[in-house]
Amino acid sequence: MSTTEPDASDALLGPADIRELAAALGVRPTKQRGQNFVIDANTVRRIVRTAGVRPEDVVVEVGPGLGSLTLALLEAADRLVAVEIDDVLAGALPATIAARMPARADRFSLVHADAMHVQELPGPPPTALVANLPYNVAVPVLLHMLDRFPTIDRTLVMVQAEVADRLAAKPGNKVYGVPSVKANWYAEVKRAGAIGRNVFWPAPNVDSGLVALVRRTEPLKTTASKAEVFAVVDAAFAQRRKTLRAALAGWAGSAPAAEAALVAAGVSPQARGEALTVEEFARIAEAAKAAKETSA
């Protein structure tokens, strides 16, 4: 081992390191950005392990913060691209990497931007996404990254437990909804563990959970576009207590038109959105599209 570079255990950030870095930068975690920094090295190692990060992976991390998870990912992957919106945190992260993991610093890239607006990333295409996502933007950021970067085949995100449950819910579950269906458009989704509150600074008032997503090897087979399918999903859950015949009336133009599309798709007009798979939503979109083309 080199005498100049810290060994792996020393390179990762502990509670004292995090507080010292934050104090030096004048950083106070903000609720507005949902900032809760991970202060436990064992937790970030567990996340990297659960994510199945391989030595050949190009990982993208959203919201690296002070760099706790970043260092553990950089240690395990071939390359790491971190996307950070915060000016101070983005400015400090490269120096943290250079100081704590100098031998890997040339394998690290920083994109100072809002992840929702990122259209491209430097270097080779990413193969994995690993992130601790703030509650208020977790689902839109996740869906945007999966949509924009189709080379991401494995994802592990840490989110509020309630969001984790929604993302991983199956049809028929009371928390199954828009996030569940849209995530399933891209990937197989499952819960991958729970994270306690005491590994964060500041400790949040809610529990966190890990969600693993493995991209579908074949895209969903449908003649409808993603936008057409998602429009049905949004309409179905906008009035989730109503039957699909009623909930989709506005989307289809009328309740009879909604019923016709549902019957053509082999879905009961009396069913509710929470009972349907993403494939069934796609069939409804296809049926409506076919009906429009026939009447045109």
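Bear in mind that the values here come from a model prediction, so they are computed numbers and not experimental data.

(A) Quick look at the overall build of the chain. Looking only at helices and strands, one finds 13 helices and 9 strands in the chain. Viewed in the frame of its principal axes, the chain has a C-alpha envelope of about 75 × 40 × 30 Å. Looking at the chain residue by residue over its 296 residues, the buried ones come to 48%. Taking the intrachain contacts of the chain between residues at least 6 apart in sequence as the baseline, contacts between residues at least 24 apart amount to 70%. Of the roughly 13,700 Å² that the chain leaves accessible, carbon and sulfur atoms contribute 53%. Charge centroids of the chain, computed over 33 positive and 32 negative side chains, lie 7 Å from each other.

(B) Quick peek at empty space enclosed by the protein. By the definition in use, this model includes 1 cavity of 30 Å³ or more. Within this model, the largest cavity holds a volume of roughly 30 Å³. Lining of the largest cavity is provided by Leu21, Leu25, Gly65, Leu66, Leu89, Ala92, Leu93 and Thr96. Elements that contribute at least two residues to the lining of the largest cavity include exactly α2 (15–25) and α5 (87–100). No other element matches the 4 residues that α5 contributes to the lining of the largest cavity. Class assignment of the residues belonging to the lining of the largest cavity gives a composition of 6 nonpolar, 2 polar and no charged.

(C) Fine view of the pattern of salt bridges. Scanning all chains against the criterion turns up 15 salt bridges. Residue Lys226 is joined to Asp147 by a salt bridge in which the shortest nitrogen-to-oxygen separation is 3.2 Å. Residue Lys226 is found in helix α9 (residues 226–238), and its partner Asp147 is found in helix α6 (residues 138–148); the two are separated by 79 residues along the sequence. Accessibility expressed as a relative area gives 28% for Lys226, which makes it partly exposed. Classification of Asp147 as partly exposed rests on a relative accessible area of 39%. Between Asp153 and Arg154 there is a salt bridge, with the nearest N and O atoms lying 3.1 Å from each other. We classify Asp153 as partly exposed; its relative accessible area is 32%.

(D) Molecular detail of the packing of aromatic side chains. Applying the stated rule across the entire model yields 5 aromatic pairs. Seen from their ring centres, Trp185 and Phe230 are 5.7 Å apart, and the 75° between their planes marks the pair as edge-to-face. Here Trp185, found in helix α8 (residues 178–186), pairs with Phe230, found in helix α9; they are 45 residues apart in sequence, far enough to count as distant. Neither Trp185 nor Phe230 differs from the other in exposure class; each is buried. Centroid distance Phe237 to Phe281: 6.0 Å. Interplanar angle 45°. Geometry classified as tilted.

(E) Highlighting the confidence of the model for the chain. Confidence in the prediction for the chain averages 93 pLDDT; 94% of positions are at 70 or higher. Note on residues 1–8: pLDDT under 50 across the span, and 9 contacts to partners over four residues away in sequence or across chains.

(F) Seen up close, the pairing of strand β5 (residues 128–132). The buried fraction of β5 amounts to 5 of the 5 residues, a majority that puts the element mostly inside the structure. Alternating positions in β5 separate into two faces, Ala128, Val130 and Asn132 on one and Leu129 and Ala131 on the other, with burial throughout. As paired elements, strand β2 (residues 58–62) and β5 share 2 bridges and run parallel to each other. When the bridges of β5 are listed, Val60 appears paired with Leu129. Note: β5 against strand β6 (residues 154–160), 5 bridges, orientation parallel. Following the sheet pairing, Ala131 is matched in β6 by Val157. The β-α-β motif built from β5, the intervening α6 and the parallel element β6 has right-handed crossover chirality.

Rules used in this analysis
- Per chain, the residues get numbers from 1 upward, laid out in the order the sequence is written.
- Thresholds applied to this predicted model are a pLDDT of at least 70 for local features of residues and 80 or more for the giving and counting of side-chain atom pairs; totals over whole chains, interfaces and linings are not thresholded and use all residues.
- Working from all heavy atoms in the structure, the side-chain values ignore hydrogens and water.
- A run of H or I in DSSP becomes a helix once it reaches four residues, and a run of E becomes a strand once it reaches two; helices and strands are each numbered from the N terminus.
- Throughout, exposure labels follow a simple rule: accessible area from a 1.4 Å probe, protein chains only, divided by the maximum for the residue type, with under 20% read as buried, over 50% as exposed, and the rest as partly exposed.
- Throughout, a contact is declared for two residues whenever any of their heavy atoms are within 4.5 Å.
- Residue exposure ignores everything except the shown protein chains as possible cover, and the areas themselves are Shrake-Rupley values with a 1.4 Å probe.
- For the purpose of counting charges, residues Lys and Arg are taken to be positive, whereas Asp and Glu are taken to be negative. His and the chain ends are not included.
- Charged side chains are reduced to one point each, which is NZ for Lys, CZ for Arg, CG for Asp and CD for Glu.
- Site definitions follow a grid-based scheme: protein atoms alone, a 1 Å grid, a 1.4 Å probe that fits but cannot get out for cavities, and for pockets an open set with protein on both sides within 12 Å along at least five of seven lines, plus lining residues having an atom within 4 Å of a point.
- Grid points are joined across faces, edges and corners, and a volume is the space filled by probe spheres set on the points.
- Charged means Asp, Glu, Lys or Arg here, nonpolar means Ala, Val, Leu, Ile, Met, Phe, Trp, Tyr, Cys or Pro, and polar covers whatever is left, Gly included.
- Whenever Lys or Arg places a side-chain nitrogen within 4 Å of a carboxyl oxygen from Asp or Glu, that contact is recorded as a salt bridge.
- Two aromatic rings, drawn from Phe, Tyr or Trp (for Trp, its six-membered ring), form a pair once their centres lie within 6.5 Å of each other, and the interplanar angle then sorts them: stacked below 30 degrees, edge-to-face above 60, tilted otherwise.
- Confidence per residue, as judged by the predictor, is encoded in pLDDT with a range of 0 to 100.
- When DSSP locates at least two bridges between a pair of strands, those strands are taken to pair.
- Note on handedness: a clockwise path from strand one over the helix to strand two, with the strands aimed away from the viewer, defines a right-handed crossover.

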